[in-house]
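# Chain and residue survey
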Amino acid sequence: MKIALLSDIHANLPAFDACLEHARAHSAQQFALLGDLVGYGADPGPVLDRAMQLAAAGALCVRGNHDAAALAPPAVAQNLGDQSAQWTHPHLDERQRGFLAGLPLTERLGPDALLVHASADGPERWHYITDSNAAERCMTAATRIDPAIRYVFCGHVHEQALYFLTPTAKLMRFSPQPGVPVPVPPHRQWLAIAGSCGQPRDGDTRAMYALFDPDAATITFQRVAYNHAAAAAAVRASGLPTFFADRLERGR
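Structure report, in brief. (Residues numbered from 1 in each chain as written. Predicted model: local features only at pLDDT ≥ 70, side-chain atom pairs only at ≥ 80, totals over all residues. Heavy atoms only, no water.)

So, on to the side chain of R247. Tracing the chain through its elements places R247 in helix 8 (residues 242–250). No salt bridge is formed by the buried R247; its nearest oppositely charged neighbour, D246, is found at 9.0 Å. Apart from residues no more than four positions distant in its own chain, R247 is found in contact with Q199, R201 and R252. (Helix = DSSP H or I, 4+ residues; strand = E, 2+ residues; numbered from the N terminus. Buried < 20%, exposed > 50% of the residue type's maximum accessible area, 1.4 Å probe, protein only. Lys, Arg positive; Asp, Glu negative; His and termini not counted. Salt bridge = Lys/Arg side-chain N within 4 Å of Asp/Glu carboxyl O. Contact = heavy atoms within 4.5 Å.)

Laid out in structure tokens, this is it:
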């Protein structure tokens with residue numbers, strides 16, 4: 001069974017739909033949404049409707065920091081993220097807010113995989129995994145949850161990366177190439193960052209997701225072209241800060 005891992009959709013409906021279509025065309029049979037369904041983008045309601053449909057069909061989903069912020073935005077905005085949360089909250093109905101409120105911070109995917117938005121090391125603190133030290137803390141925390149966990153799948157960083165422990169317990173980082181399956185045998189421990197579906201930040205406008213095949217023990221990091229100009233135009237028309245649209249057009 002191939003499992004599509006999508007994170008940081010950020011209310012970008014064209015990117016979400018493009019990745020779902022691509023995943024299904026590549027035989028994805030299950031979906032896992034790794035948080036930050038909303039924030040930054042102009043279509044939080046439609047994106048949540050898609051997510052709720054997937055969840056009703058068996059998809060797993062965890063909560064991200066922007067999901068939490070949209071439920072309880074600050075009264076006074078201190079930064080662009082706060083402004084996004086303030087805009088997003090009234091654009092969700094009660095059913096959609098209830099869905100976000102019910103999402104867990106972590107979820108198990110089968111007997112040996114853990115889903116989390118940011119890091120298993122204090123999921124509620126939203127730590128960024130940007131180096132090997134942070135990756136090691138995440139993997140150690142996952143092992144404390146259950147020594148059987150061999151895979152941790154997360155997002156939050158908006159770029160794609162793969163970390164693994166060597167037989168000598170040395171932590172290594174691997175930079176994946178789009179569309180190339182990477183062997184991830186379960187005798188090692190792995191941490192995969194799926195990247196951002198809805199707001200890439202590596203200078204490439206294409207949406208990101210990853211396709212995990214537990215039977216073949218491979219993960220394939222994907223890049224998917226979508227109409228990012230239309231997504232940016234929707235942001236500008238919405239009244240959200242234009243900086244969010246600029247990011248979609250630049251891919252960073």
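Relative orientation and spacing of two packed helices are given, respectively, by the angle between their axes and the distance between those axes. The interhelical angle for the contact between helix 1 (residues 13–25) and helix 2 (residues 44–56), taken along N-to-C directions, is 30 degrees, at an axis separation of 9 Å. Relative to helix 2, the element helix 1 lies roughly parallel. For the element pair helix 1 and helix 2, the recorded crossing hand is left-handed. Contacts from L13, F16, D17, L20 and R24 of helix 1 reach helix 2 at P46, V47, R50, A51 and L54. (Axes fitted to C-alpha atoms, helices over the stretch in contact; angles between N-to-C directions. Parallel < 35°, antiparallel > 145°, perpendicular 65-115°, else oblique. Left-handed = near helix turned anticlockwise from the far one by under 90°.)

One ladder, built from four bridges, connects strand 4 (residues 106–109) with strand 5 (residues 113–116); its direction is antiparallel. Counted as the bridge partner of E107 is L115 from strand 5. Between strand 4 and strand 5, which pair antiparallel in sequence order, lie three residues; one of them, G110, sits at a positive phi of approximately 70 degrees. (Pairing = 2+ DSSP bridges.)

Attention now goes to the packing of aromatic side chains. This model, assessed by the stated rule, comprises six aromatic pairs. With a centroid separation of 5.0 Å and an interplanar angle of 55 degrees, the aromatic rings of Y151 and F212 are classed as tilted. Residue Y151 is located in strand 6 (residues 151–154), and its partner F212 is located in strand 11 (residues 207–213); the two are separated by 61 residues in the primary sequence. Assigned by exposure class, Y151 and F212 land together as buried. (Phe/Tyr/Trp six-rings, centres within 6.5 Å; stacked < 30°, edge-to-face > 60°.)

By themselves, these observations are geometric and do not establish any function.
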